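Summary of the model geometry
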Amino acid sequence: MRTLLLFLIGSLGVLNAQDSHKNDTSIELQASTPCDEVMKSMLQIKESGVIDFIRWNLVLTPNNSFELSIKYGKSKPNTLGFVIEYHQEVKGTFSTQKSTTPKGDIYQLSAANSDLRLSLLKLNENLFHLLGPEQQLMVGNGGWSYSLNRKSPTRQKAAFPTLATATLTKATPYVAVYDGRTPCTELANEYAIPVSNECIKLKWRFTLYRDSVTLKSTTYTAIRIFRRAQPITGTWSIEQKGETVIYQLHPDDKKDEALQFLVGDDNVLFFLDKQQRLMVGDENFSFALNRKLK
């Protein structure tokens, strides 16, 4: 009898824990991002010396509060860590509002005991992107992007975001050069990219060319790096879905499958899978490319 009672109590505890988990709609986000002067100011980072990247853990709770834990410092070459590591813990509240440019829900975070202010654009349930002071998508570099990725992505089909229409206006023979580093395995599996089991990241550089008179998309060149540089050439096209713009890159070598990108704006592209769903990164790398501005 006593054994049966203990079993029933234990079973009830498991059920309560499962119910609690179901009711917990907190969103935990993770990322590694650059740390430029704008970001230092936004995060109230006071340390001097070289600080080039930040590792994030951000929890958004159902009661509109947040807990932010960041680690930052100078990156240690050939590792995922820092030469010297600094820490910061911040708590506060957030509010949401609809935005037209960029389109979507903007989460505005305010700290309880500091001047910290952050704004994030929600792309879908799994992916958020940091916004700058002018509420524009922040542009990263060849090492890191400003996207925050859900630690445990929802299994439900994420809604396709609608962002501001990107426009091609400069009468130059090329559109832009985009750089970035992405996780390896998921992208390799999705697009049949030949890599080994040791691959943890892929480095990318894309140059998109267009006709200087008609401004129509023409060709592209790309470099994909895993151990060595792998050049890729092909043509690219633009698919318009309402106000949403998708770039499709078709390689000359049919062994590689066409890549697709959601255009956040003229400066940030987001990798899509073959079903045109946003891909979700991890604590080290995001599935975003950043326009090389200089």
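These numbers were taken from a predicted model, which means no experiment stands behind them.

Parameters at a glance
Residues numbered from 1 in each chain as written. Predicted model: local features only at pLDDT ≥ 70, side-chain atom pairs only at ≥ 80, totals over all residues. Heavy atoms only, no water. Phe/Tyr/Trp six-rings, centres within 6.5 Å; stacked < 30°, edge-to-face > 60°. Helix = DSSP H or I, 4+ residues; strand = E, 2+ residues; numbered from the N terminus. Buried < 20%, exposed > 50% of the residue type's maximum accessible area, 1.4 Å probe, protein only. Lys NZ or Arg CZ within 6 Å of the ring centre and 35° of its normal. Salt bridge = Lys/Arg side-chain N within 4 Å of Asp/Glu carboxyl O. Disulfide = S-S within 2.5 Å. Pairing = 2+ DSSP bridges. Axes fitted to C-alpha atoms, helices over the stretch in contact; angles between N-to-C directions.

Let's talk about the packing of aromatic side chains
- Under the definition given, this model contains 11 aromatic pairs.
- Taking 5.4 Å as the distance between ring centres and 25° as the angle between the ring planes, the aromatic pair formed by F94 and Y107 counts as stacked. One end of the pair, F94, is in strand β4 (residues 82–100); the other, Y107, is in strand β5 (residues 103–111), with 13 residues separating them in the sequence. Both residues of the pair, F94 and Y107, count as buried.
- Among the aromatic residues, those joined into a ring-pair cluster are W204, F206, F261, F271 and F287.
- Stacked on the ring of W144, the Lys or Arg R181 has its end atom at 5.2 Å from the ring centre.

Regarding the pattern of salt bridges
- Inspection of the entire model under this criterion finds 9 salt bridges.
- Measuring nitrogen to oxygen at the nearest pair gives 2.8 Å for the salt bridge that ties E125 to K122.
- A salt bridge links D273 to R277, with the nearest nitrogen and oxygen atoms 2.9 Å apart.
- Taking relative accessible area as the criterion, D273 reaches 7% and is therefore assigned buried.

Thoughts on the state of the cysteines
- One pass over the structure, following the stated rule, counts 1 disulfide.
- Through a disulfide, C184 is tied to C199; the S-S separation comes to 2.0 Å. On the S-S bond that ties C184 to C199, the torsion sits near 110°, and the link is right-handed. Here C184, found in the loop between β9 (174–183) and α3 (185–191), pairs with C199, found in the loop between α3 and β10 (201–210); they are 15 residues apart in sequence, far enough to count as distant. There is no split in this pair, since C184 and C199 are both buried.

Side note on the sheet that holds β9
- With respect to topology, 8 strands assemble into a closed barrel ordered β9-β10-β11-β12-β13-β14-β15-β16, the strand pairing being antiparallel. Going from strand to strand, the sheet's axes swing by 30° on average, the running direction of each strand aside.
- In this structure, strand β14 (residues 259–263) lies alongside strand β15 (residues 268–272), joined through 4 bridges in antiparallel fashion. Opposite V263, over in β15, you have L269 as the bridge partner.

Quick look at the sheet that holds strand β3 (residues 65–75)
- With antiparallel pairing, 8 strands are arranged side by side around a closed barrel as β1-β2-β3-β4-β5-β6-β7-β8. Direction aside, the axes of adjacent strands within the sheet are offset by 30° on average.

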